[in-house]
Amino acid sequence: GRDYNYAEGVKVKNATGSEIAADSIVYVNGYEGPYLKVTPALAANQNTCNGRLMIAKHAIPASGYGVVLPWKLVTGVATNAITVGNRVFLADAGGTFVNHVSATGTVARSIGHCLVADATAGAYLFCGEGAVRDT
């Protein structure tokens, strides 16, 4: 798998009352039966961005089931403000990424690095094992 390793995919339950969009970064916040429950990770909340993060392979319906992955090549995103090779970071909201740490007090969680810098056809490699940004 170039884009993702489906063999490492995990079926999970959406712990929120709204859809989790494809390519959203999520964290595990519980379990129900044999399934882990996930919620979008937020850099503004240290509890949601510590430990292993995963990425939604596809949209996960509200209170429904879906697959998350430990790494994924994310394409078709705006990465024009990021230099190829630089790290990308977890955003303050929505389980998305940013090219820098944006707010005072925000946890600086590295989630991958930029592969293609472009306004509409950019790409980054998500890796859920990222660390807090070194300063």
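See above for the structure.
This structure is a prediction, so every number in the text was calculated from the model and none was measured.

### Overview of the nonpolar core
Here is a general trend for soluble globular proteins: nonpolar side chains tend to be buried in one another's company. Residues Ile25, Leu53, Leu90, Phe97, Ile111, Tyr124 and Phe126 are the most contacted members of the largest nonpolar core, which totals 19 residues. Going through the elements one at a time, strand E2 (25-32), strand E5 (65-69), strand E6 (71-77), strand E7 (87-90), strand E9 (110-116) and strand E10 (122-127) are the ones with two or more residues in this core. Those residues in contact with Tyr124 that sit more than four places away from it in its chain are Ile25, Ile55, Lys72, Leu73, Val74, Val77, Val88, Phe97, Ile111, His113, Cys114 and Leu115. Ile20, Val26, Ala56 and Val68 belong to the second-largest nonpolar core, a separate cluster that totals eight residues.

### Focus: the pattern of salt bridges
What the rule picks out here adds up to two salt bridges. Between Lys13 and Glu32 there is a salt bridge, with its nearest N and O atoms 3.1 Å apart. Pair noted here: Lys13 is in strand E1 (residues 10-14) and Glu32 is in strand E2, with a separation of 19 residues, a long-range link. Residue class for Glu32 comes out partly exposed when judged on its relative accessible area of 35%. With its nearest N and O atoms 2.5 Å apart, the salt bridge here joins Asp23 to Lys72. Here Asp23 is found in the loop between E1 and E2, whereas its partner Lys72 is found in strand E6, with 49 residues between them in sequence.

### Focus on the environment of Cys127
Assignment of secondary structure puts Cys127 in strand E10. Once residues within four sequence positions are removed from consideration, Cys127 is found in contact with Pro70, Trp71, Ile111 and Gly112.

Conventions adopted
- Residues numbered from 1 in each chain as written.
- Predicted model: local features only at pLDDT ≥ 70, side-chain atom pairs only at ≥ 80, totals over all residues.
- Heavy atoms only, no water.
- Core = buried A, V, L, I, M, F, W, Y, C linked by side-chain atoms within 4.5 Å.
- Buried < 20%, exposed > 50% of the residue type's maximum accessible area, 1.4 Å probe, protein only.
- Helix = DSSP H or I, 4+ residues; strand = E, 2+ residues; numbered from the N terminus.
- Contact = heavy atoms within 4.5 Å.
- Salt bridge = Lys/Arg side-chain N within 4 Å of Asp/Glu carboxyl O.

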